[in-house]
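Residue strings, one per chain:
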Amino acid sequence: MSATSLLALGMLGGCVSMGPEIPERPSVLLITLDTTRADHLATYGYPRKTTPTLDAHAARSIVFDRFLVPMATTLPTHTSLLTGVHPLEHGVVANVKHGGQSFAASEELVPFTALAKAAGYSTAAFVSATPLKAGTGIEEAFDTFDEGKGPSRVASRTTDVARAWLKRKRRARKPFFAWVHYFDPHAPLEPPPPYDTWFERRDGIERWLADRQIERSERRSGLALEPLETANLYDGELRYVDDQIARLLDTGREAGWAEHTVVIVVGDHGEGLGQHGQSGHGVTWGEQLHAPFWISSPWHAPRRIDTPTTAQDVFPTLLGLVDIPGEERFLEQSSGVDVLAEPSGRPILHLASSHQATLGAEAESALTVGQWRYHRSHDGAEMLFTLATDPHEQKNVVEAFPLQARVLRDLEKGIAAERAARGSVLGTVREVSLDPERIEQLEALGYVQ
Ligand SMILES: [Zn+2]
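The numbers attached to residues start from 1 for each chain and follow its sequence in the written order. At least 70 in pLDDT is required for a residue's local features to be given in this predicted model, at least 80 for side-chain atom pairs to be given and counted, and no such filter applies to totals for whole chains, interfaces and linings, which use all residues.

### Here we look at the overall build of the chain
The cut-off we apply is this: Put simply, DSSP H or I for four residues or longer makes a helix, DSSP E for two residues or longer makes a strand, and each gets a number counted from the N terminus. Buried, partly exposed and exposed are defined by the number of other C-beta atoms within 10 Å of a residue's own C-beta, namely 20 or more, between the two limits, and 12 or fewer respectively, with C-beta atoms placed from the backbone. C-beta atoms are placed from the backbone for every residue, and two residues are taken to be in contact when these atoms lie within 7 Å.
In terms of helices and strands, the chain carries 14 helices and 16 strands. Scored against the burial criterion, the 449 residues of the chain give a buried share of 52%. Pairs at least 24 apart in sequence give 69% of the contacts found in the chain among residues at least 6 apart.

See below:
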C-alpha cells in the first residue's frame, strides 16, 4: 500500500490509523493492574525499570498520561470500567459489603461484556482476588469466569489459566473479549524470589521518595517499613507481574491473534505506600487515583494524550477506535467520553471508599478540573491544590483561592447530584447474598467492616 493510500485510510477513521483495514469485530484483551501507581512505571517517569515489558508495550500504544480513577477501590472502579458509568450511577461504592449492606451493580446496566457476547464474541475473565469474584455482578456475560480459590491468586497461576484459554484462539476464528486481572502489588508486599531482592541496591530512589514526603508505612501485620523498604518490595511485585505479562502477551504471537487484537492495559487505582500518611488505598490523594492506561491497536499509531481521563471513558474511547456491532446501546448508557474525540477534558469526580470515609480526617470526595484538585472531607473541611506547581498535593491553598474553592465546591455538588440522579434512572443497586467463606476472604484482605 502506498503512503498516500495509507494516509487516506487514516483520514477515513478520523484518527491516525495505519496498516490494513480494521476488522468490524476485532478481538479485545483487557489487562487490569490492581494497586498499580502510574508513577512507579518508567512510562510515567519512574527512574527504575520496574516494568520493561509494559513499557515496551506502552511505547507501541496510545498512552493516557492523566488517567484518574473515580474511586481507589477495586470493585467500584472495575464496575465503572465495564459499564462505562460512575460509581454513583452503578451504585457499587464499596468492595461488595459495607456496614451490613452489600453491593452489586444494577442488572439494568449492560456491561461491555454483554455487548461483546451479543456481537458473537467468546468472553472470558481470569481474576485474581475476592472483590472481583462471581456474585459481585462483574461476572455478567462472561462464558468463562475463572477466579481461583482463596482470597487472592498469584500472577503466575492466573497467567497459566489465561494462557491455556488464549492459546486456543486462532486468527480468523470467532473474536474474543478476554479480561485478565493481576493483584500482586496489593498488600501484603511479598514478591516471590528473585523479585523480593530485585531492587535492594541503592540507586538514588531516596530522593524521589523524599520529594513525595513518603513516610514509614504501617502494614496491617503491625510491621512498620521504611520508605525505601516499602518501595523495594512494591517495585519487586511490579517486576514480577511484568514478567508474567510478558508470558501472557507471548501467547498472542504464538497463537497468531496479536495482529488482530486490541489490548487495553489499565490500573484500577494506585497505592499510598506511606505518602500522605497512607499505606493502602481508598481515599482521594493523587497517588491513589493516578493509574496507568493505554490502548495498543494494530491499526493506530502510538501517541501520548494528556487530557484527563477516567474509568468510564475506557470503553467509549476503545469504541471510537474500533467498531463492535450494537455498540450504540452501551455508548448511550455510558457517561464516559471518547477521550480522543473530545480532547478538552472534563471534571473528574472522585469518591473515597465508604468505609474509609467514616474513619476521620480523610477526604470523602474530590474533584479534578484541569490543574486544580479540590478535596472535601465528610465533616465539610476543604483543601485545594494546584497540580501544575504542586503535583504531589503538599500545599493546601484553599485560603489563598476562596473563589476557586467555592466554584469547585458548587461544581462538585452539581456533578455528584447529576450522577446520583442518573443512577436512579439506570436502576438502583441490588442486594447480594454472600456465603461465610466469601466474607472471610474479604476480611483477610482487610475489606469487610
Ligand atoms: Zn484494586
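### A word on the sheet that holds strand 7 (residues 176–182)
By way of backbone hydrogen bonds, the strands of a sheet pair with one another, either parallel or antiparallel. In plain terms, the rule: Pairs of strands are assigned from DSSP output, requiring at least two bridges between the strands. Angles here are taken between N-to-C directions and fall from 0 to 180 degrees, while the axes themselves are lines fitted to C-alpha atoms, restricted in helices to the stretch in contact.
Within the open sheet, the eight strands sit side by side as 6-5-7-1-10-11-2-12. Their pairing is mixed. Two strands in the sheet have a free side with no partner beyond their single neighbour: strand 6 (144–146) and strand 12 (303–305). Taken over all neighbouring pairs, the strand axes of this sheet differ in orientation by 10 degrees on average, direction set aside. Strand direction decides the pairing type here: strand 1 (residues 27–33) and strand 10 (residues 261–267), joined by seven bridges, are parallel. Of the residues in strand 10, the one forming a bridge with Leu30 is Ile264. Each of strand 5 (122–126), strand 6 and strand 7 touches helix 6 (residues 155–166); the most contacted strand, strand 7, lies at about 170 degrees to it.

### Some words on the nonpolar core
Put simply, the rule reads: For this entry, the nonpolar core is defined as buried Ala, Val, Leu, Ile, Met, Phe, Trp, Tyr and Cys residues connected by C-beta atoms within 7 Å.
Core analysis: the biggest nonpolar cluster contains 104 residues, and Ile31, Ala178 and Ile264 have the highest contact counts within it. Of the residues forming this core, the biggest block, nine residues, is contributed by helix 8 (residues 227–255). Not counting the four nearest positions on each side in its chain, Ile31 is found in contact with Val180, Ile245, Val263, Ile264 and Val265.

### Looking at the environment of Lys133
The residue Lys133 is located in the loop between strand 5 and strand 6 in this model. Given 21 C-beta atoms within a 10 Å radius, Lys133 is considered buried. Along the chain, Lys133 and Asp146 lie 13 residues apart, while their C-alpha atoms are 8.5 Å from each other. The contact partners of Lys133, leaving out residues within four places of it in the chain, are Val127 and Glu147.

### Topic: unusual backbone geometry
Residue Pro188 is reached from Ala187 by a cis peptide bond, and omega for that bond is 0 degrees. The omega torsion across Pro193 and Pro194 is 5 degrees, close enough to zero to call that bond cis. When you line up the elements, Pro194 lands in the loop between strand 7 and helix 7 (205–211). Of note in this structure, Thr35 is not a glycine but carries a positive phi near 55 degrees. Tracing the sequence through the fold places Thr35 in the loop between strand 1 and helix 2 (52–59). Thr35 sits in the buried class, given 27 other C-beta atoms within 10 Å. Phi is positive for Ala141, which is not a glycine, with a value near 75 degrees. For Ala141, the position within the fold is in the loop between strand 5 and strand 6.

### Digging into helix 6
Test applied: By definition here, a helix of n residues has an expected span of 1.5 Å times n minus one. What the arc covers is the set of directions going from the helix axis to the C-beta atoms.
With twelve residues, helix 6 should cover 16 Å at 1.5 Å per step; its first-to-last C-alpha distance of 16 Å lies within 8% of that length. Every buried residue of helix 6 is listed here: Ala155, Thr158, Thr159, Ala162 and Leu166. When helix 6 is viewed along its axis, its buried side chains cluster within an angular range of 100 degrees and face the same direction. Those residues of helix 6 that are buried lie in contact with strand 5, strand 7 and helix 8.

### A word on the pairing of strand 15 (residues 372–377)
Regular strands place their side chains on alternate faces of the sheet. The pairing of strand 15 with strand 16 (residues 382–386) spans five bridges and is classified as antiparallel. Note on strand 16: the bridge partner recorded for Trp372 is Thr386. In this antiparallel pair of consecutive strands, strand 15 and strand 16, the connection spans four residues, and Gly380 shows a positive phi of 90 degrees.

### Here we look at the packing of helix 2 against helix 8
For any two helices packed against each other, one specifies the inter-axial angle together with the distance between the axes. Applicable threshold: Should an angle fall under 35 degrees it is called roughly parallel, over 145 degrees roughly antiparallel, and 65 to 115 degrees roughly perpendicular, with every other angle called oblique. By the convention adopted, Pro, Cys, Tyr, Trp, Phe, Met, Ile, Leu, Val and Ala count as nonpolar, Lys, Arg, Asp and Glu as charged, and the other residues, Gly among them, as polar.
Where helix 2 contacts helix 8, the two axes come as close as 7 Å, and the packing angle between them is 55 degrees. Classified by the angle their axes make, helix 2 and helix 8 are oblique. Residue-level contacts link Pro52, Thr53, Leu54 and His57 of helix 2 to Asp242, Ile245, Ala246 and Leu249 of helix 8. Looking at the contact of helix 2 with helix 8 residue by residue, the classes come out as five nonpolar, two polar and one charged.

### Considerations on the packing of helix 6 against helix 8
Between helix 6 and helix 8, the least distance of the axes is 10 Å, while the angle of their chain directions is 5 degrees. Considered as vectors, helix 6 and helix 8 are oriented roughly parallel to each other. Residues Ala155, Ser156, Thr159, Ala162, Arg163 and Leu166 of helix 6 form the contact with helix 8, whose participating residues are Tyr240, Val241, Gln244, Arg247, Leu248, Thr251 and Ala255.

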